[in-house]
Amino acid sequence: MGGAGNEEKAVVENREWYLAAYAPEGVPTSDHLKLRTVPLSLAVDSIPDRHVIVQNLLISVDPYQRTRLTGLEEGLYFPQFKLNELHHPPIKAKGIHSSLLLQHIQKAEKMGGAGNEEKAVVENREWYLAAYAPEGVPTSDHLKIRTVPLSLAVDSIPDRHVIVQNLLISVDPYQRTRLTGLEEGLYFPQFKLNEAITAFSVGRVIRSTDSNYKEGDLVLNPFSPVAEYYVVPAELLIRKVDPSSGVPLPDFLSSLGVPGFAAWVGIEVLGDPKPGSNVFISAAAGAVGMYAGQLAKLKGCRVIGSTGSDEKVKLIKEEFGYDDAFNYNKETDLDAALSKYFPDGIDVYLDNVGGKMLEAVLNHVNVHARIPVCGMISQYKKIWTEREGVRNLLNIVGKEVRLEGFMVGSYLDRFGDFTKQMQSQIIEGKISSKFKIYHGIESFLESLGSLFTSSNVGKVIIEVNP
Ligand SMILES: NC(=O)c1ccc[n+]([C@@H]2O[C@H](COP(=O)([O-])OP(=O)(O)OC[C@H]3O[C@@H](n4cnc5c(N)ncnc54)[C@H](OP(=O)(O)O)[C@@H]3O)[C@@H](O)[C@H]2O)c1
């Protein structure tokens, strides 16, 4: 290391104050703010590019800090500090040899635990954002994998936290929109440079300091790092997964997860087709599309899908019950295709792709047609000034069409209704799924790219430990 006074120290016993409990009133006490020791490597090769390690000299103490300890968002409107927030130094695998860390490891080894008895510290691999990608399909210039040692010792985590070993990670188009560095379109917050990117995942609790979770519990996390393991405050896990429910595990990220819910909101809530309605679904062989088609069929509709290959056309007709389907790469005159497949016009269009397909649909809509806009994946790779315009929007006035964008997050009050309906339809064999499973955390970049090159079929999921 070299440098002022740190020649001997590869790892320091770093002391930090953290928030143990909110203090809405009075002067905060040691019940609210506590001091703890967190080993921190000072090795320069233990941190990623564009990071620094800082030794604090002077710390300012200010009245506004009090307002961030109340647990209430009011008054000065500063965001509240988070309970038990664990500062994760972004360490790399190499260069950690200190006796302090060894002590830590030996202590952890004594703890043991489910299936990880031998591993006190794991070489945890995670994907992080190295550079924004405003256009195109993200590459290894933008997303990189790194190894971050993680202690599996139960006493290395604060109260009400769990350590989770990821089993399945969901790969979704919205992740692309969080890599642009631009706040627009789907309005998801951008991932931060040099931080782990996140995904929906199903994982297994391997350590817990929260009474609601025990080792072996299967948990769903909407913001899991795309990593093999992670530590999280238990309150951020949305639910446990019941392995005895009769529903296969990948379905919790698919038919019972975001794609199934998006299809359900689009068809059952917003599209609301009647028996005999003419329903059109784009990206019909993808995760949302396969469920949307099946849900519309169960309502007695005539359902047509568009997708990017002949194999997928065959699949959705044979496996998902679509009445008919076409390959938009072959039938490139979309207007002519829609005239052929919808001689009586379109009553409901679940839009997954936007662009030229949306424009073509607007020439075939019936009066009072509904167009729930789930996504516009054909436009995600372009900055907004390069995206395709839709020239015939005037048709939504003349035909009194309801064109409505939606985000599943706004319909969480209906999640219970959705789960009840979907789960029974899965168990009764009325809804089926197709998965494209990638193997190993290292496959994330390739699996994300597959969504934008049409090389996926059904729901894309990574099995973390194949
Ligand atoms: N609003 C919400 O809350 C919500 C929630 C989940 C998903 N979504 C949206 O729903 C849509 C589908 O998501 P998903 O998870 O089910 O993904 P997916 O359909 O499984 O995968 C994406 C598919 O989009 C198609 N595609 C890619 N580029 C295209 C292009 N340039 N033109 C036409 N089609 C293209 C490809 O299928 P082909 O073979 O057919 O080309 C690809 O397989 C996306 O727009 C997504 O953003 C919205």
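To keep things clear, this report deals only with the structure shown in the data block. Note that the structure is predicted; figures quoted are calculated from it, not measured. (Residues numbered from 1 in each chain as written. Predicted model: local features only at pLDDT ≥ 70, side-chain atom pairs only at ≥ 80, totals over all residues. Heavy atoms only, no water.)

**Quick word on the packing of helix α4 (residues 258-271) against helix α10 (residues 415-427)**
Rules: What counts as an axis is a line fitted to C-alpha atoms, over the stretch in contact for a helix, and the angles between N-to-C directions run from 0 to 180 degrees. A run of H or I in DSSP counts as a helix once it spans at least four residues, and a run of E counts as a strand once it spans at least two, with each numbered from the N terminus. Convention used here: angles under 35 degrees read as roughly parallel, angles over 145 as roughly antiparallel, angles from 65 to 115 as roughly perpendicular, and any remaining angle as oblique. The contact definition used throughout considers only heavy atoms, calling two residues in contact when any of these lie within 4.5 Å. Note on residue categories: nonpolar means Ala, Val, Leu, Ile, Met, Phe, Trp, Tyr, Cys or Pro, charged means Asp, Glu, Lys or Arg, and polar means any other residue, Gly included.
Where α4 contacts α10, the axes come no closer than 11 Å and their chain directions differ by 100°. For the element pair α4 / α10, the angle class is roughly perpendicular. Where α4 abuts α10, its residues Gly260, Phe261, Trp264 and Glu268 lie against Phe415, Asp417, Phe418, Gln421 and Met422. Of the residues assigned to the contact of α4 with α10, the class counts are 5 nonpolar, 2 polar and 2 charged.

**Things to note about the packing of helix α7 (residues 334-341) against helix α8 (residues 355-362)**
Here is the rule: Left-handed describes a crossing whose near helix is turned anticlockwise from the far helix through less than a right angle; right-handed describes the clockwise counterpart.
At a minimum axis distance of 9 Å, the contact between α7 and α8 shows a crossing angle of 50°. The orientation of α7 with respect to α8, classified from their angle, is oblique. Seen along the crossing, α7 lies across α8 with a hand that is right-handed. Facing α7, whose interface residues are Leu334, Asp335 and Leu338, α8 presents Lys356, Met357, Ala360 and Val361. Here the contact of α7 with α8 is built from residues that sort into 5 nonpolar, no polar and 2 charged.

**Quick notes on the environment of Phe415**
In plain terms, the rule: Summary of the burial criterion: residues with accessible area below 20% of their type's maximum are buried, those above 50% are exposed, and those between are partly exposed, where the area comes from a 1.4 Å probe applied to protein chains only.
Within the secondary structure, Phe415 sits in helix α10. Given a relative accessible area of 22%, Phe415 falls into the partly exposed group. Residues Phe415 and Leu256, 159 residues apart in the sequence, show an inter-C-alpha distance of 9.5 Å. Excluding residues within four positions of it along the chain, Phe415 makes contact with Arg239, Leu256 and Phe261.

**Considerations on α10**
To keep things clear, this is the line we draw: Helix span is expected to be 1.5 Å times the residue number reduced by one. By arc we mean the arc of the directions from the helix axis to the C-beta atoms, nothing more.
Compared with an ideal rise of 1.5 Å per residue, which puts 13 residues at 18 Å, α10 spans 18 Å between its outermost C-alpha atoms and is within 8% of the ideal. Taken together, the buried positions of α10 are occupied by Phe418, Thr419, Met422, Gln425 and Ile426. Taken end-on, α10 shows its buried residues confined to a sector of 145°, consistent with a single buried face. Away from its buried face by more than 90 degrees, α10 exposes Lys420 and Ile427. Check the buried side of α10 and you find it contacts α4 and α5 (287-298). Just downstream of α10 lies Gly429, where phi reads positive at about 80°.

**Some remarks on α4**
The test is simple: Think of it this way: the bend at a residue is just the angle between two axes, each fitted to seven residues, one set ending at that residue and the other starting at it.
Of all the bends found along α4, the most pronounced is centred on Val265 and spans about 25°. Within α4, 12 of the 14 residues are buried, leaving the element largely enclosed by the surrounding structure.

**Thoughts on the pairing of strand β8 (residues 229-233)**
What counts here: Think of it this way: DSSP has to see at least two bridges between two strands before they count as a pair.
Within β8, 4 of the 5 residues are buried, which leaves the element mostly enclosed by the surrounding structure. Pairing geometry for strand β5 (residues 161-170) and β8, over 5 bridges, is antiparallel. Its bridge partner lying in β8, Ile163 is registered against Val231.

**Quick look at the packing of aromatic side chains**
The test is simple: Aromatic contacts are taken between Phe, Tyr and Trp rings whose centres are within 6.5 Å, Trp giving its six-membered ring; a plane angle under 30 degrees counts as stacked, one over 60 as edge-to-face, and the others as tilted. For a lysine, the NZ atom is tested; for an arginine, the CZ atom; a charge sits over a ring if that atom is within 6 Å of the ring centre and within 35 degrees of the ring normal.
Overall, the coordinates contain 11 aromatic pairs when judged by the stated rule. When the ring of Phe261 is compared with that of Phe418, the centres are 4.9 Å apart and the planes differ by 40°; the resulting orientation is tilted. Taken together, the positions of Phe261 in helix α4 and Phe418 in helix α10 put the pair 157 residues apart, joining distant regions of the chain. With respect to burial, Phe261 and Phe418 carry one shared label: buried. On the basis of an interplanar angle of 55° and a centroid distance of 5.4 Å, the ring pair of Phe415 and Phe418 is categorised as tilted. One end of the pair is Phe415 and the other is Phe418, both in helix α10 and 3 residues apart, which spans about a single turn. An aromatic cluster of three or more residues is present, and its members are Phe280, Phe326, Tyr341, Phe342 and Tyr349. The positively charged end of Lys240 is found above the aromatic ring belonging to Tyr213, 5.3 Å away from the centroid. Here the guanidinium or amino end of Arg302 rests over the ring plane of Phe342, the centre of that ring lying 5.7 Å away.

**Looking at the side chain of Glu184**
With respect to the helices and strands, Glu184 occurs in the loop between α3 (174-177) and β6 (198-208). Leave out the neighbours within four places in its chain, and Glu184 touches Trp384 and Arg387.

**Notes on the pairing of strand β12 (residues 324-327)**
The test is simple: Crossover handedness is defined by viewing with both strands directed away from the observer: a clockwise path from the first strand over the helix to the second marks the crossover as right-handed.
The sheet contact formed by strand β11 (residues 302-307) and β12 spans 4 bridges and is parallel. Following the sheet pairing, Ile304 is matched in β12 by Asp324. Assessed by its sense of winding, the connection that carries the chain from β11 through helix α6 (residues 310-318) to β12 is right-handed.

**A word on the sheet that holds strand β14 (residues 365-373)**
The strands making up a sheet associate through hydrogen bonds between their backbones, and the pairing can be parallel or antiparallel. If you walk across this open sheet you meet the 6 strands as β12-β11-β10-β13-β14-β15, and the pairing is parallel. What marks the edges here is a single partner per strand, and that holds for β12 and β15 (402-405). Mean inter-strand twist for the sheet, computed between neighbouring axes without regard to direction, equals 15°. The strands touched by α5 are β10 (278-281), β11 and β13 (346-350); relative to β10, the strand with the most contacts, the crossing angle is about 170°. The sheet strands contacting α8 are β10, β11, β12, β13, β14 and β15, and the helix crosses β14 at an angle near 155°.

By themselves, these observations are geometric and do not establish any function.
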